[in-house]
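So you can see what is in the structure, the chains are spelled out below.
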Amino acid sequence: MDRQIDVIIIGGGLAGLTSAIHLSKAGKAVLLIEKNAYPHHKVCGEYLSKEVVPYLQWLDADPYILNPVDISTLQVSTASGRSCNIKLPLGGIGISRYVLDDYLYRKAIAAGCILVQDVVKDVVFVGDKHLVRTSTCEYEARLVLGAYGKRSTLDHKLNRAFIRQRSPWLAVKTA
């Protein structure tokens, strides 16, 4: 790659893509590395709080273009059918992550971000820069953002402390 990279972002989900758009719009040369091709399905509640909508609109990535569903109530139900409805003060929107990620991916490219489909194998800090090694290449930049989610193979490789702690959380999605 001939172009000087200011920031490498590892992971192309919501955090990685919005960071890529923001930094690219700010004039930074951004390389985003994502292991999967776009678009792809992933486990997600497919809910965005309305508090993030103004930021996405500022990024010129208005999610309302994608026709999301307005969500104003949370319903919790038991297996026996009893339920409780709770009004959400701010509310949110329901939107397919498959559709949203593809939309943000296209916005990142339009903003000038370079996207690479590859698997990051290692990140090391040498001198005043980071070296990011993938399955096929090596990149360098002064700044690297990890937006790949918790408990990834890379977290194990970097021996991050939280890896040894169990998590009580579980995400579930059905069609």
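Everything below is about the structure printed above this text.
A brief report on the enclosed structure follows. Along each chain, residues carry numbers from 1 onward, in the same order as the chain's sequence is written. Per-residue local features of the predicted model are confined to residues with pLDDT of at least 70, and side-chain atom pairs are confined, for both listing and counting, to 80 or more; whole-chain, interface and lining totals are unaffected and use all residues. Note that the side-chain values use all heavy atoms of the structure and ignore hydrogens as well as water.

1. Here's the deal with the sheet that holds strand β8 (residues 129-134)
1) Next: Pairing between two strands requires that DSSP report at least two bridges joining them. Helix numbers and strand numbers start at the N terminus; a helix is a DSSP run of H or I with at least 4 residues, a strand a run of E with at least 2. In space, the three strands of this open sheet follow the order β7-β8-β9, with antiparallel pairing throughout. A strand with exactly one partner marks an edge of an open sheet, and here the two such strands are β7 (120-126) and β9 (138-141). Strand-to-strand twist in this sheet, taken as the mean axis angle between neighbours without regard to direction, amounts to 20 degrees.
2) Next: The pairing of β7 with β8 spans six bridges and is classified as antiparallel. Bridge assignment links Val120 to a residue of β8, and that residue is Thr134. Between N-to-C directions, angles span 0 to 180 degrees; the directions come from axes that are lines fitted to C-alpha atoms, helices contributing only their stretch in contact.

2. Quick notes on the sheet that holds strand β3 (residues 47-49)
1) Next: The strand order across the open sheet formed by three strands is β3-β5-β4, and the pairing between neighbours is antiparallel. In the strand order of this sheet, the two ends are held by β3 and β4 (69-77), each with one partner. Neighbour-to-neighbour, the strand axes of this sheet turn through a mean angle of 50 degrees, independent of strand direction.
2) Next: Inspection of the sheet shows β3 paired to strand β5 (residues 83-94) by three bridges, in the antiparallel sense. Within β5, the position partnered with Leu48 by the bridge is Ile93.

3. What to know about a nonpolar patch on the surface
1) Next: Within the patch definition used here, like charges are joined within 9 Å and nonpolar side chains (Val, Leu, Ile, Met, Phe, Trp, Tyr) within 5 Å, considering only residues with over 30% relative accessible area and no salt bridge. To measure how exposed things are, a 1.4 Å probe is used in the Shrake-Rupley method; for residues, cover is taken only from the protein chains shown. Counted as salt bridges are all cases of a side-chain nitrogen of Lys or Arg within 4 Å of a carboxyl oxygen of Asp or Glu. A cluster of nonpolar side chains, namely Leu74, Val76 and Ile86, defines an oily patch on the protein surface of about 240 Å² accessible area.
2) Next: Relative to the helices and strands, Leu74 resides in strand β4.
3) Next: Exposure remark for Leu74: the relative accessible area of 40% places this residue in the partly exposed category. The cut-offs for exposure are 20% and 50% of the maximum accessible area for each residue type, with area from a 1.4 Å probe on protein chains only; residues under the lower value are buried, those over the upper are exposed, and the others partly exposed.

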